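Structural overview
Chain residues, written in single-letter form:
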Amino acid sequence: MRASVNNYRLITEENPRSFVSEAYRTLRTNIQFSSIDSQIRSIVVTSPEPSEGKSTTISNLAVTFAQEGKSTILIDADMRKPTLHHYFLKSNRSGLSNLLAGQMDLQQCLNDTHIDHLYLLPSGPIPPNPAEMLNSKRMEQLIEELKTRFEMILIDSPPTLAVTDSQILATKVDGVVFVLNCGKVKRDTARKALDRLEQVNARMLGVVLNNKDRKKSESPYYYYYGYGPKQK
Ligand SMILES: Nc1ncnc2c1ncn2[C@@H]1O[C@H](COP(=O)(O)OP(=O)(O)O)[C@@H](O)[C@H]1O
Ligand SMILES: [Mg+2]
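Notes on the structure in this doc start here. Keep in mind that this is a model prediction, so the values were computed, not measured.

Across the 7 residues that make up strand β6 (residues 175-181), a large majority, 7, are buried. Going residue by residue along β6, you find G175, V177, V179 and N181 tucked away on one face and V176, F178 and L180 tucked away on the opposite face as well. Sheet topology note: the strand β1 (residues 42-46)/β6 ladder contains 4 bridges and is parallel. Across the sheet, the residue bridging to T46 is F178, located in β6. Looking at chain direction, β6 and strand β7 (residues 204-211) are connected through 6 bridges and run parallel. Across the sheet, the residue bridging to L180 is L209, located in β7.

See the structure below:
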């Protein structure tokens with residue numbers, strides 16, 4: 001459907017010279033420089049609540065890594081409300097849930113995309129037990145395998161306060177990018193979500209403030225700032 005396709009546009013692909021695309025590249029650069037000793041190669045994105053911009057952020061971030069020539073895989077681990085396949089006009093019939101259930105192998109589920117160097121692993125059919133699946137040995141093995149094949153692994157996840165999935169994923173990756181819809185989310189809510197991530201010793205790479213107030217500006221704004229776990 002044309003209408004739903006339009007909701008899933010990638011500004012970094014359509015208009016790489018725009019201010020917003022530049023902000024995504026800044027996010028990419030900050031992630032690359034956020035660790036001196038070890039390279040960040042796997043990232044999960046989450047936010048306290050639904051519709052704060054997680055999928056938009058991780059998809060555009062993936063495009064900017066791929067545009068830099070990095071072989072990148074985008075995984076839709078939001079098995080509650082999967083959307084990443086829409087951005088790349090792919091089917092969601094097979095994907096992560098099939099892999100974790102042991103029904104299919106990676107080759108059957110991996111999609112190339114119209115963007116060079118960028119691959120997509122859709123969520124696959126919505127399973128009854130996403131958290132359990134993400135907590136499995138198979139998920140760890142999958143990430144290890146993908147590390148041998150891709151330079152960057154970017155993972156979408158459900159809201160932190162709704163379910164435990166993002167906490168589980170945070171323990172399996174190098175870092176977490178936290179998206180806040182700053183026009184909507186309350187300070188306490190954001191704090192509660194951050195606490196949950198800190199409880200599992202997630203490595204916070206930074207916060208994206210996603211401002212959807214279009215009255216102030218025609219284009220969406222993204223800001224990024226990094227902070228260490230000790231600076232509360
Ligand atoms: N900065 C933005 N400006 C305008 N619309 C946005 C912005 N970020 C996200 N959206 C829109 O808001 C909706 C929810 O975003 P999405 O990335 O799907 O959120 P989440 O994955 O956190 O649920 C989508 O329709 C998306 O296109
Ligand atoms: Mg989403």
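When you tally the buried positions in strand β2 (residues 72-76), you get 5 out of 5 residues, the bulk of the element. On β2, burial covers both faces: T72, L74 and D76 on one face and I73 and I75 on the other are all buried. Sheet topology note: the β2/strand β4 (residues 118-121) ladder contains 4 bridges and is parallel. Counterpart to I73 in the pairing with β4 is Y119.

Turning to unusual backbone geometry, a few remarks are in order. Positive phi values are uncommon outside glycine, yet S51 reaches one of about 55°. Take S51: it is sitting in the loop between β1 and α4 (54-67). With a phi angle near 70°, H117 is a residue other than glycine that sits in the positive phi range. Within the element layout of this structure, H117 appears in the loop between β3 (111-112) and β4.

Analysis parameters
Per chain, residue numbering runs from 1 following the sequence as it is written. As they are written, the chains are lettered A onward and the ligands numbered 1 onward, keeping that order. For this predicted model, a pLDDT threshold of at least 70 governs which residues receive local features, and a threshold of 80 or more governs which side-chain atom pairs are given and counted, while totals over whole chains, interfaces and linings are taken from all residues. With hydrogens and water stripped out, all remaining heavy atoms of the structure feed into the side-chain values. The buried label applies to any residue whose accessible area, calculated with a 1.4 Å probe on protein chains only, is under 20% of its type's maximum; exposed applies above 50%, and partly exposed to all values in between. We count a stretch as a helix when DSSP gives it H or I for four or more residues in a row; a strand needs E for two or more, and each element gets its number in order from the N terminus. Whether two strands pair depends on DSSP finding at least two bridges between them.

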